[in-house]
Amino acid sequence: MNLHDKVVLVTGATDGIGKQTALDLARSGPRVIVHGRRSDAGELVCAEIRSMSGADRVDFLLADFASLHQVRALADQILQKTDRLDVLINNAGVYLGQRGVSEEGYELNFAVNHLAHFLLTNLLLDRLKQSAPARIITVSSGMHRGGQINFDDLQSEKKFSSSQAYSNSKLANVLFTYELDKRLKGTGVTVNCLNPGVVATKMLHASSGSGGISVEEGAATSVYLASSPEVESITGKYFAQQQIAESSPASHDRQLQQELWKISERLTGLIRGD
């Protein structure tokens, strides 16, 4: 995919693999929109990417994904600032050791990792379709295999485990990808998700992990899905190490995909509840 004169949005791009993804893609010539929740970090990262890539079309937009109101404002800004969007990379994520809630009262891992991206993607879908061929890429995790979607305790109010809440949100990423793929048939917009591997980032440290691959290696599959002509017509897949991989059995549950979509619509306000 020739990215020259294209527009790419990377969420959570002020650190870790998001930052590396934005840098690697900027080197290919597109306009890169860097999203983050701290304006000081965002402006510094944009300056760094401009310097290291030689690209000057790198912009920063501010939004805290713990607030769906701010997610909506971010979508509005993007629609106002650009008349096209060729690549959306849903990369932002958190791993929280203690249970917290978003502005709307949702468990934070689920709110930031899934609901914010569900809402943002849906708000930008028309622009992506207008820009087709376009690509949507969502960063999941190998930990999605331990995820469970319990509609009786979706916000982990009855029982909370940091690793379980994170795994649940990452399973939601894969379920979202598969359901969205079915809804985008014939639009020219592809949608895929990926496991970046165990990457040496602040998130790994927060989960009491150590070691891990480099951010360059961690960003490689996101960059591949955003730019490679090899995946031009591939959609509705889960990738690892730049190859199609098998996701968990739960992620292929058609009813689970549909039910999660419906409740996500209600929780994000895309449709009104009963």
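Structural data are supplied above this passage.
Quick summary incoming for the structure in this document. (Residues numbered from 1 in each chain as written. Predicted model: local features only at pLDDT ≥ 70, side-chain atom pairs only at ≥ 80, totals over all residues. Heavy atoms only, no water.)

What about the packing of aromatic side chains?
No. 1: For the coordinates displayed, the defined rule picks out five aromatic pairs.
No. 2: Joined through ring pairs, the aromatic side chains of Phe 118, Phe 176 and Trp 261 make up one cluster. (Phe/Tyr/Trp six-rings, centres within 6.5 Å; stacked < 30°, edge-to-face > 60°.)

What to know about the pairing of strand 2 (residues 31-36)
No. 1: Extensive coverage of strand 2 is indicated by the burial of six of its six residues.
No. 2: Side chains Arg 31, Ile 33 and His 35 of strand 2 all project onto a buried face; the interleaved residues Val 32, Val 34 and Gly 36 project onto the opposite face, where all are buried too.
No. 3: Where strand 1 (residues 7-10) lies against strand 2, four bridges are found, and the strand directions are parallel. Within the sheet, the bridge partner assigned to Val 7 lies in strand 2 and is Arg 31. (Buried < 20%, exposed > 50% of the residue type's maximum accessible area, 1.4 Å probe, protein only. Helix = DSSP H or I, 4+ residues; strand = E, 2+ residues; numbered from the N terminus. Pairing = 2+ DSSP bridges.)

Things to note about helix 7 (residues 215-227)
No. 1: The terminal C-alpha atoms of helix 7, which comprises 13 residues, lie 18 Å apart, in line with the 18 Å expected from a rise of 1.5 Å per residue.
No. 2: The sharpest bend along helix 7 reaches about 30° and sits at Thr 221.
No. 3: Of all the residues in helix 7, the buried ones are Gly 218, Ala 219, Thr 221, Ser 222, Val 223, Tyr 224, Leu 225, Ala 226 and Ser 227.
No. 4: Here the buried face of helix 7 lies against helix 1 (16-26), strand 4 (87-90), strand 5 (134-139), strand 6 (189-195) and strand 7 (238-240). (Expected span 1.5 Å × (residues − 1). Bend = angle between axes of the 7 residues up to and from the residue. Contact = heavy atoms within 4.5 Å.)

Things to note about the nonpolar core
No. 1: If you look at the biggest cluster of nonpolar residues, it comprises 45 residues, and the most contacted ones within it are Phe 65, Leu 120, Leu 128 and Ile 136.
No. 2: Of all the secondary-structure elements, those providing two or more residues to this core are strand 1, helix 3 (68-81), helix 4 (108-130), strand 5, helix 5 (162-183), strand 6 and helix 8 (254-268).
No. 3: If one sorts the elements of this core by residue count, helix 4 sits on top with twelve residues.
No. 4: In this structure Leu 128 touches Leu 85, Asp 86, Leu 88, Ala 134, Arg 135, Ile 136 and Val 189, once residues within four positions along its chain are discounted. (Core = buried A, V, L, I, M, F, W, Y, C linked by side-chain atoms within 4.5 Å.)

Points about the layout of surface pockets
Picture a little ball the size of a water molecule; that probe, rolled over the atoms, points out where space is still empty.
No. 1: Its volume calculated, the second largest pocket comes out at about 280 Å³.
No. 2: Lining the second largest pocket we find 14 residues, and of these Asp 153, Ser 156, Lys 159, Gln 164 and Asn 168 sit closest to its centre.
No. 3: Considering each element in turn, the lining of the second largest pocket owes the most residues, three residues, to helix 5.
No. 4: Residue composition of the lining of the second largest pocket, grouped by class: five nonpolar, six polar and three charged. (1 Å grid on protein atoms, 1.4 Å probe; cavity = no way out; pocket = protein on both sides within 12 Å on 5 of 7 lines; lining within 4 Å. Points joined across faces, edges and corners; volume = space filled by probe spheres on them. Nonpolar A, V, L, I, M, F, W, Y, C, P; charged D, E, K, R; others polar.)

Side note on the side chain of Asp 153
No. 1: By secondary structure assignment, the location of Asp 153 is in the loop between strand 5 and helix 5.
No. 2: At 5.8 Å, Lys 158 is the nearest oppositely charged side chain to Asp 153, a buried residue that forms no salt bridge.
No. 3: At 2.8 Å, the side chain of Asp 153 and the backbone nitrogen of Glu 157 are in polar contact.
No. 4: Reaching out from Asp 153, the side chain makes a polar contact with the backbone nitrogen of Lys 158 at a distance of 3.1 Å.
No. 5: Filtering out sequence-adjacent residues up to four positions away, Asp 153 remains in contact with Lys 158 and Lys 159. (Lys, Arg positive; Asp, Glu negative; His and termini not counted. Salt bridge = Lys/Arg side-chain N within 4 Å of Asp/Glu carboxyl O. Polar contact = N/O pair within 3.5 Å; in protein donor to acceptor, adjacent residues only side chain to side chain.)

Topic: the packing of helix 5 against helix 8
No. 1: Where helix 5 meets helix 8, the axes come as close as 9 Å, and the angle between the chain directions of the two elements is 90°. The angle between the axes of helix 5 and helix 8 places the two elements in the roughly perpendicular class. Contacts from Ala 172, Leu 175, Phe 176, Tyr 178, Glu 179, Leu 180, Lys 182 and Arg 183 in helix 5 reach Arg 254, Leu 256, Gln 257, Gln 258, Leu 260 and Trp 261 in helix 8.
No. 2: Looking at the contact of helix 5 with helix 8, its residues break down into eight nonpolar, two polar and four charged. (Axes fitted to C-alpha atoms, helices over the stretch in contact; angles between N-to-C directions. Parallel < 35°, antiparallel > 145°, perpendicular 65-115°, else oblique.)

Considering unusual backbone geometry
The general pattern is negative phi for most residues beyond glycine and trans for most peptide bonds.
No. 1: Looking along the chain, the bond that leaves Ala 132 and enters Pro 133 is cis, with omega of 5°.
No. 2: Relative to the assigned elements, Pro 133 resides in the loop between helix 4 and strand 5.
No. 3: One non-glycine residue, Asp 5, lies in positive phi territory at about 70°.
No. 4: Examined against the element boundaries, Asp 5 turns out to sit in the segment before strand 1.

Topic: the pairing of strand 6
No. 1: Across the seven residues that make up strand 6, a large majority, seven, are buried.
No. 2: What you see with strand 6 is no split at all: Val 189, Val 191, Cys 193 and Asn 195 on one side and Thr 190, Asn 192 and Leu 194 on the other are buried throughout.
No. 3: Here strand 5 pairs with strand 6 via six bridges, running parallel. Paired with Thr 138 across the strands is Cys 193, a residue of strand 6.
No. 4: In this fold, strand 5 hands off to helix 5, which returns the chain to strand 6; that crossover is right-handed.
No. 5: When strand 6 meets strand 7, the two strands line up parallel, connected through three bridges. Following the sheet pairing, Asn 195 is matched in strand 7 by Ala 240. (Right-handed = clockwise from strand over helix to strand, strands pointing away.)

Regarding the side chain of Ser 131
No. 1: Topologically, Ser 131 is positioned in the loop between helix 4 and strand 5.
No. 2: Polar contacts involving the side chain of Ser 131 include one to the main-chain amide nitrogen of Leu 85, which spans 2.9 Å.
No. 3: Non-local contacts of Ser 131, meaning those with residues more than four positions away in its chain, are made with Arg 84, Leu 85 and Asp 86.

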